[in-house]
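Structural description and commentary
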Amino acid sequence: MKVVPSRSSEWVKPVMPKKPASAIIEIERVSQVFQTSARKDHVALSDISLTIEEGAFVSILGPSGCGKSTLLYVVGGFVNPTSGSAKIKGRTITGPGPDRGPVFQEFALFPWKTVLGNVMYGPRQQGVRTTEAEAQSRALIEMVGLKGYENFYPKELSGGMKQRVALARTLAYHPEVLLMDEPFGALDAHTRTRLQNDLLNIWERDRKTVLFVTHSVDEAVFLSDKVVMMSKSPGRIREVIDIDLPRPRRRSELLLDPRYQKYVVDIERMFDEVDETGALL
Amino acid sequence: MTSQLRSTSIMLGLAPIVLVIALWQSLVSFGFAPAVLLPPPGYVFSRLLQQLMTWTFQQEIAATLIRLFAGFAIAVVLGVSIGIAAAASPGINAVVRPIVRVLAPLPKVALYPALLLLLGFGHGSKITLVAADALFPILLSTYYGASTVEQKLIWSAMAAGTPRYEILFKVVLPAAMPSILTGCRIGLVISCIVVFLAEMITSTDGLGHVLVTAARTFQAVDMFVPLITISLLGLILNVLLGAVRSYLLRGFPEA
């Protein structure tokens, strides 16, 4: 027997077209079409509009192939949308810039640089003097829990440590928005949990805007203020769910919180529904 | 543990060399080849040591080394810059690709008579030939390495505020370093072969010239001396390049 998922939960709200005063990122009717072969186009994103408020932690959740990473790359300026536009603080995004810092699942650390060299790259590129950049970078390395590893090369570190370095490297040039593309997807469950906790601790200090792509419902609910649920083929926004849970969040408290449990169960149901519809098409 | 492994592999590597020398010695000892035509290894090696002390022989080595280094250096500079440029720009790639396709399989030695006429018997013709032969493996492996740089490394650098033209030097070149150095290793071996070959064909000095002169005057011992010298030089240069490689690639997983 199949359980019909309910969609009428009272906290599920449709996409709001209104533009709040503190909007930092505005995605307006973005579509992205990739030509996969001469006769077939793949519509990765179809008419996406989304506004992200300054200081919000927003997760983009969806099945694989729903274009959630592509949406992040559009905001990063790494790919240009086929139509529509993305804006940061009212300026149209035309390319990558230090106001938007990416953290990738593959870490993408420079293998020829040490941990310190990787973290110092951004500040040096911004014209910060070497001594100053080094002091800042050492402080950041300590903050992500890697004190003592400054002169290690990435190949000498575990996956979790590499992702900590990647986070420090991005934070080092003070981006206004963090763009995280399934950052903990390549890590084992335990490391993943620890990094989620540490990311929240770091985030709660200065509340940077975060756009966080994931396919884990727990992760999205635990971290976010808002979860954007996407469906695939073509990539569309299905729902935007506000996660109304108190901060600072502690995992041990949250896991016992019935509100958290309800969010997870409801979103998981929606995820199943979205994944099935995608498979049928 | 590692040092033990290393010494074992060195022993295993030395074994075939010892075998070849033993075979060589036995060919002479058991009378398969007359000692006049195939001098025993001990005799050749003592002659080599004796020659290494003489000024004239050192001059020959110097001539060969100058050509080898100059040719190899030109090949590295041209190969790396053309390879990176072709990987970075589709326009340059469109121009370079057909030339490389036509010239790469061409036996460059065939150009040597023309080079002699153009550049004379001195260093110029030999350096050019060495550069022409060593260029292609370096160019092709640089191109391959530069065009397979992980996109997200480039994105990470661009997001950190690196301008597009600096990406080539700050990301693409260092990221392609493993392939570039593999190409250099092949290019160096080719340089050793080609410089010797060119000197054998037409030259007034150099190790190849020493060999040909000895062969023409039936001085078998003096024929083997330059042969062993160039092998030793190749070995030493390869070890040096290996040291440079492990220094430059100290952060890379594959090194």
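Let me begin by describing the structure that accompanies this report.

Basis of the calculations
Residues numbered from 1 in each chain as written. Chains lettered and ligands numbered in written order. Predicted model: local features only at pLDDT ≥ 70, side-chain atom pairs only at ≥ 80, totals over all residues. Contact = placed C-beta atoms within 7 Å. Helix = DSSP H or I, 4+ residues; strand = E, 2+ residues; numbered from the N terminus. Nonpolar A, V, L, I, M, F, W, Y, C, P; charged D, E, K, R; others polar. Buried ≥ 20, exposed ≤ 12 C-beta atoms within 10 Å, placed from the backbone. Pairing = 2+ DSSP bridges. Axes fitted to C-alpha atoms, helices over the stretch in contact; angles between N-to-C directions. Parallel < 35°, antiparallel > 145°, perpendicular 65-115°, else oblique. Left-handed = near helix turned anticlockwise from the far one by under 90°. Expected span 1.5 Å × (residues − 1). Arc of directions from axis to C-beta. Bend = angle between axes of the 7 residues up to and from the residue. Core = buried A, V, L, I, M, F, W, Y, C linked by C-beta atoms within 7 Å.

Taken together, the 23 residues of chain A in the interface contact 16 residues of chain B. Looking at the side of chain A that touches chain B, the elements that each hand over two or more residues are β7 (100-104) and α2 (115-125) of chain A. Among the elements that make up the side of chain A that touches chain B, the one with the highest residue count is β7(A) (four residues). Taken together, the residues that form the side of chain A that touches chain B break down as 13 nonpolar, six polar and four charged.

As a further point, take the pairing of strand β10 (residues 226-231) of chain A. Residue and element names in this part refer to chain A. Within β10, five of the six residues are buried, which leaves the element mostly enclosed by the surrounding structure. When strand β4 (residues 57-61) meets β10, the two strands line up parallel, connected through four bridges. Bridge assignment links V58 to a residue of β10, and that residue is K226. Note that β10 and strand β11 (residues 236-242) share six bridges and pair antiparallel.

To continue, consider the sheet that holds strand β3 (residues 41-53) of chain A. Residues and elements named next belong to chain A. Here we have four strands laid out as an open sheet, ordered β3-β2-β5-β6, and antiparallel in their pairing. The sheet is open, and its two borders are formed by β3 and β6 (91-92), each paired with just one other strand. Both strand β2 (residues 23-35) and strand β5 (residues 83-88) contribute to a ladder of five bridges, which runs antiparallel. Counted as the bridge partner of E26 is K87 from β5. Against the sheet, helix α1 (residues 68-76) touches β2, β3 and β5, its axis set at about 120° to β2.

All names here are of chain A. In this structure, D206 sits in helix α5 (residues 189-206). Its 9 C-beta neighbours within 10 Å are what place D206 among the exposed residues. Spatially, the C-alpha atoms of D206 and G55 are 8.5 Å apart, while their sequence positions differ by 151 residues.

What follows concerns the packing of helix α9 (residues 207-216) of chain B against helix α10 (residues 220-248) of chain B. All names here are of chain B. Remark: α9 packs on α10, axes separated minimally by 7 Å, with the N-to-C direction vectors making an angle of 160°. When the interaxial angle is binned, α9 and α10 end up roughly antiparallel. In this structure, α9 crosses over α10, and the sense of that crossing is left-handed. Only D222, M223, P226, L227, T229 and I230 of α10 make contact with α9, whose side of the interface consists of L207, V210, L211, A214 and A215. Taken together, the residues of the contact of α9 with α10 sort by class into nine nonpolar, one polar and one charged.

What follows covers the environment of P174(B). All names here are of chain B. Looking at the secondary structure, you find P174 in helix α8 (residues 164-201). The class of P174 is buried, set by 20 C-beta atoms lying within 10 Å. Sequence-wise, P174 and P137 are 37 residues apart; in three dimensions their C-alpha atoms are separated by 18 Å.

All names here are of chain A. Within the secondary structure layout, V30 lies in strand β2. Accessibility expressed as a C-beta count within 10 Å gives 23 for V30, which makes it buried. Separated by 186 residues in sequence, V30 and S216 have C-alpha atoms that sit 24 Å apart. Not counting residues within four places of it along the chain, the set of residues in contact with V30 comprises L45, I48, V74, P81, G84, S85 and A86.

We now examine the pairing of strand β8 (residues 177-181) of chain A. Consecutive residues of a regular strand have side chains that alternate between opposite faces of the sheet. All names here are of chain A. With five of five residues buried, β8 lies mostly within the body of the structure. Covered by surrounding structure in β8 are V177, L179 and D181 together with L178 and M180, the residues of both alternating faces. Examined bridge by bridge, β7 and β8 share five bridges and lie parallel to one another. Looking at the pairing, G101 lines up with L178 of β8. With five bridges joining them, β8 and strand β9 (residues 209-214) adopt parallel strand pairing. Bridge pairing in β9 places L178 opposite V210.

Moving on: α5(A). Residues and elements named next belong to chain A. Helix length check: α5, at 18 residues, gives a terminal C-alpha distance of 27 Å against a target of 26 Å (1.5 Å per residue), a fit within 8%. Taken as a whole, α5 has its buried residues at R192, L195, Q196 and L199. Taken end-on, α5 shows its buried residues confined to a sector of 110°, consistent with a single buried face. Projecting away from the buried face of α5 at angles above 90 degrees are the exposed residues H190, N201, E204 and R205.

Before going further, it helps to examine helix α4 (residues 90-103) of chain B. Between the first and last C-alpha of α4(B) there are 20 Å, a value that for 14 residues agrees with the 20 Å anticipated at 1.5 Å per step. Most pronounced at V96(B), the bend in α4(B) amounts to some 25°, and the proline P98(B) follows within four residues.

In terms of nonpolar packing, the biggest core is built from 127 residues, with V75(A) and L211(A) touching the most fellow members. The biggest single contributor to this core is α8(B), with 15 residues. Apart from the residues within four sequence positions on either side, V75(A) is in contact with I25(A), I27(A), A86(A), I93(A), R100(A), L179(A) and L211(A).

Now for the packing of helix α6 (residues 123-147) of chain B against α8(B). Residues and elements named next belong to chain B. Contact pair α6 / α8: the axes reach a minimum separation of 7 Å and the direction vectors enclose 155°. Judged by the angle between their axes, α6 and α8 are roughly antiparallel. Considering how the two elements wind past one another, α6 and α8 form a crossing that is right-handed. Its residues assigned to classes, the contact of α6 with α8 comprises 18 nonpolar, eight polar and three charged.

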